[in-house]
Amino acid sequence: MNMTSGRVAAGLGLWVGLWCTPAAGFIPADGILPGVPWTSTASGSRTFNGQPATFTWGFIADGTSINDQGDFTAGADFSNLIASFNSSFGGSPGQSDLTEQPWFTYFDQAFGRWAEVSGLSYVFEPNDTGQTHGPGFLPGVLGSRPDIRIGGFNMDGASNVLAYNFFPSIGDMAIDTGDMAFFSNGLGNHVRLRNTLMHEIGHGLGFEHTSSTTDALLMEPTINTSFDGPQLDEIRGAHFLYGDALEKTNGGAGNNTVADAFDLGVLSPAAPLTIGADADVLSQRIEAGMTDFVSIAYTVDTDVFSFTSPVPGQLSVALKPVGGVFANGGTPDFNANASNDLFFSVIDVDMVSSLAFVDDESAGFTESLDGLLLDEAGEYFISIAGLSNSTQMYRLDLFFEASALLGDFNGDFAVDLVDLSILAGSFGLGSGFSLSEGDANGDGVVDLIDLSLLAGNFGFGAAVPEPGVGLVMVGLLAGVSWRVRWPIFRV
């Protein structure tokens, strides 16, 4: 990464320059596609893009040789990163546990941010075997050597080049320790250092430089501290290569089946459910705290979500493709809102039967469903997929309108002892009563008919309590057997 201007360094994906290739959207590194970056790490293997990946990362010891391919100095370079950061951040030279050094947290946060927004996971590896940093790739080994080895040396003094990183499958990163005054500046929680690190991590994941005339992006060749971390298109790129964060659930199996569905929670009229809202923005600008990003990466990718309907009612769904429209690399505006044509289906409580299939719109337009009847309480499912091998971020919104549940006098979507108490308080006292006072059938009188309607739905929408003495007495008084389940009445 550069502070102002620079050059392109050749060989093995080394990047230190200002130049970038015009392209639409995120740019994968030359030679990566059609292929899979990082088919193997110390933590396991992967066979196709869109699968999650776990990387180990760590530091080489000071004095370890660095192969910079002659791009900076004619002679050999040796890492002095640890001593440089200790000196600039007030670290302790005698502390061998680097996680206790005051500067470690900023490296950890940089890796952690990529993990928050994608299918990536990063684990610190404290050990290293001391081989030369850079080309001459040696794979990571758990407990021995990290996948991503970080060192540093004085590349070109202050300014100009800040750092470089090799493309997959070499994850090694080098920091210019001649720029410690820049890195130790504490503004924005050390955003200068963290954005440099997150940019270089992006190269290690397989991203080239990018450029936009309308939006600021992390993978542009010159550092920008007006934002914090990966921006929307870079998150989309991470999803293309490593999936969204939900692909890490269920032991890495993701939420691709009904059995592994991601639970969105209880859906009610007062509480619509939404996922993917952080990607529904007007530009590529992403704030540091945003983590709600989901996408369909390929035709083999299916996202399944579950939700619980507490009572019968009507479901409405909006599936909105998002990603933004922006100028990139001098090409015509790139429309990331229309990179894949999405569709969805609603699956019944039996986990098999389809209640609705929706594929009415072309790419870039919201697929919607209005007023689908859910005729019983229970757990339902939404399955989302796409028609092409292109990553599409999306926002999913679920809305609900409850059917009237006779006997639910207090409107909590359950017929229980509270409702019985309401009815008992008005029972037989005259006329002019309302639903909230126990008049289930709306005739203005609270009588045996209302009691029988309540009895038919008693326990619906909630766990049925054991009948107490008061419940038995009211049941006997009314001449109603509480063992009889009446039909559920809905209006």
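The paragraphs below set out a description of the structure included in this document. (Residues numbered from 1 in each chain as written. Predicted model: local features only at pLDDT ≥ 70, side-chain atom pairs only at ≥ 80, totals over all residues. Heavy atoms only, no water.)

A look at the overall build of the protein
Line of reasoning, step 1. On a plain count of helices and strands, the protein comes out with eight helices and 21 strands.
Line of reasoning, step 2. When the accessible surface of the protein is totalled, it reaches about 19300 Å², and 55% of it is carbon and sulfur. (Helix = DSSP H or I, 4+ residues; strand = E, 2+ residues; numbered from the N terminus. Areas by Shrake-Rupley, 256 points an atom, 1.4 Å probe, with all protein chains shown as cover.)

What about the sheet that holds strand 6 (residues 120-124)?
Line of reasoning, step 1. Reading across the sheet, the five strands line up as 6-3-7-9-8 and stay open at both edges, with mixed pairing between neighbours. Two strands bound the open sheet, and with one partner strand each, they are strand 6 and strand 8 (163-165). Adjacent strand axes in the sheet meet at a mean angle of 25°, parallel and antiparallel pairs treated alike.
Line of reasoning, step 2. In this sheet, strand 9 (residues 173-176) lies alongside strand 8 in antiparallel orientation, the contact comprising three bridges. Paired with alanine 163 across the two strands is isoleucine 175, which belongs to strand 9.
Line of reasoning, step 3. Packing against the sheet, helix 1 (residues 81-89) makes contact with strand 3 (53-59), strand 7 (148-153) and strand 9, and its axis sits at approximately 70° to strand 7.
Line of reasoning, step 4. Its contacts with the sheet place helix 4 (residues 187-205) against strand 3, strand 6, strand 8 and strand 9, and it is angled at close to 20° to strand 8. (Pairing = 2+ DSSP bridges. Axes fitted to C-alpha atoms, helices over the stretch in contact; angles between N-to-C directions. Contact = heavy atoms within 4.5 Å.)

Considering the side chain of histidine 133
Line of reasoning, step 1. Summarising the element assignment, histidine 133 is placed in the loop between strand 6 and strand 7.
Line of reasoning, step 2. Histidine 133 gets classed as buried once you look at its relative accessible area, which sits at 0%.
Line of reasoning, step 3. When near neighbours in sequence (up to four residues on either side) are disregarded, histidine 133 contacts Ile60, Ser65, Ile66, Asn67, Arg149, Ile150, Gly151, Asp172, Met173 and Ala174. (Buried < 20%, exposed > 50% of the residue type's maximum accessible area, 1.4 Å probe, protein only.)

Quick look at the environment of leucine 120
Line of reasoning, step 1. Mapped onto the secondary structure, leucine 120 falls in strand 6.
Line of reasoning, step 2. Classification of leucine 120 as buried rests on a relative accessible area of 0%.
Line of reasoning, step 3. Distance in space between the C-alpha atoms of leucine 120 and leucine 205 is 9.6 Å, their sequence separation being 85 residues.
Line of reasoning, step 4. Those residues in contact with leucine 120 that lie beyond four places of it in its chain are Ala53, Phe55, Trp114, Ala115, Leu205, Tyr242 and Lys248.

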